[in-house]
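What follows is each chain in one-letter form.
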Amino acid sequence: MSYSIIIPSNVASKLRKCVKHLFQHTPTLLPSQIIVVDDGALRDWNYLSDPPVRWVDGEKPFVYARNVNLGLRELPPDDDVIIMGDDVRMFTSLDLLAETARRPRVGIVSPAIIGVVGNPHQERKTQNIVRESPLQLCFVCVYIPRPVLDNVGLLDERFVYYGGEDVDWNWRAQALGYRLLVDDRCIAVHNDPDMPSAYRAKADYTELGQKGIELLRAKWPEKFQ
């Protein structure tokens with residue numbers, strides 16, 4: 001049950017809070033398990049006081065799919081992966097997601113999300129329930145077993161705007177027969193006022209999101225019929 005965590009980050013203060021909660025609620029976690037794809041956070045990271053996480057240089061301009069893929073290419077050979085934003089606080093152990101991911105035909109597992117999430121099925125519903133989502137899981141925080149990642153592949157870097165790359169990855173996983181699960185035992189808080197989303201802070205993020213949908217429509221026309 002070995003996993004690494006990929007976090008694209010542009011602001012050290014957000015990353016610091018994110019990482020603090022990871023260690024607080026998953027005490028066995030090692031700094032070497034955290035791969036930060038740098039979009040600017042490294043400039044304010046203090047090597048004397050901050051955890052010695054692993055750093056990967058991001059590319060400019062920032063493209064989510066491309067920078068996550070840079071982190072995925074740095075995974076240890078047998079590790080599962082958790083992909084999460086630096087605007088996420090975990091309030092339970094990540095090991096719960098790893099446990100759920102061992103179930104049959106599981107392609108991706110999300111914690112229950114408190115806060116902003118595009119899929120209402122990822123919102124926290126109840127306690128101690130693992131349920132299947134009929135909709136694709138937004139990549140707020142997701143656990144992907146390594147065999148699934150190897151079968152489905154990396155994120156599609158043609159999605160250069162806002163969104164679409166996570167939906168596409170979900171649909172590719174479903175096409176191979178994998179299930180999408182939400183684990184209500186595991187809780188993540190997303191996009192608190194003091195940990196704002198970098199994309200949602202942009203004035204044109206709605207327009208960028210529409211462009212992402214159009215790319216998705218071009219790739220999966222049958223899904224939009």
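Within each chain, residue numbers correspond to sequence positions counted from 1 in written order. This being a predicted model, a pLDDT of at least 70 is required before a residue's local features are given, and a value of 80 or more before pairs of side-chain atoms are given or counted; all residues contribute to the totals for chains, interfaces and linings. As a convention, hydrogens and water are excluded, and side-chain values are obtained from all of the structure's heavy atoms.

### Some details on the state of the cysteines
Disulfides are defined as cysteine sulfur pairs within 2.5 Å. Per the counting criterion, the structure on display carries 0 disulfides. No disulfide involves Cys-138; its nearest neighbouring cysteine sulfur is the one of Cys-141, lying 12 Å away. Cys-186 provides the cysteine sulfur closest to Cys-141, a residue in no disulfide bond, and the two sulfurs are 6.8 Å apart.

### Examining helix H1 (residues 12-25)
Strands are runs of DSSP state E lasting at least two residues, helices are runs of H or I lasting at least four, and both sets are numbered from the N terminus onward. In this analysis, the expected span of each helix is defined as 1.5 Å times one less than the number of residues it contains. Here H1 contains 14 residues, and its C-alpha end-to-end distance of 20 Å stays within 8% of the 20 Å for a straight helix at 1.5 Å per residue. Of all the residues in H1, the buried ones are Ala-12, Lys-14, Leu-15, Cys-18, Val-19, His-21 and Leu-22. In what follows, a contact means two residues having at least one pair of non-hydrogen atoms within 4.5 Å. If you follow the buried residues of H1, they end up packed against strand S1 (3-9), strand S2 (34-38), strand S3 (54-57), strand S4 (80-84) and strand S5 (88-90). Buried, partly exposed and exposed residues are distinguished by accessible area as a fraction of the type maximum, computed with a 1.4 Å probe on protein chains only: under 20%, between the cut-offs, and over 50%, respectively.

### Here we look at the side chain of Ser-93
Along the chain, the position of Ser-93 falls in the loop between S5 and helix H3 (95-100). Engagement of the side chain of Ser-93 in a polar contact is seen with the backbone nitrogen of Asp-95, the distance being 3.0 Å. With residues near it in sequence (within four places) discarded, Ser-93 still touches His-25, Thr-26 and Cys-186. Nitrogen and oxygen atoms within 3.5 Å of one another constitute a polar contact, given that in protein one can donate a hydrogen and the other can accept it, and given that sequence-neighbouring residues count only through two side-chain atoms.

### Considering the pairing of S2
Of all 5 residues in S2, 5 are buried, a share of seventy percent or more. Going residue by residue along S2, you find Ile-34, Val-36 and Asp-38 tucked away on one face and Ile-35 and Val-37 tucked away on the opposite face as well. Summarising the sheet, S1 and S2 pair through 5 bridges and their orientation is parallel. Note that in S2 the partner of Ile-5 across the bridge is Ile-34. The handedness of a crossover follows from its direction of travel: if, with the strands pointing away from the viewer, the path from the first strand over the helix to the second runs clockwise, the crossover is right-handed. Assessed by its sense of winding, the connection that carries the chain from S1 through H1 to S2 is right-handed. Paired strands, as defined in this entry, are two strands with at least two bridges between them according to DSSP. Of the pairings in the sheet, the one linking S2 to S3 comprises 4 bridges and is parallel in character.

Function cannot be read off these values alone, since they describe shape.
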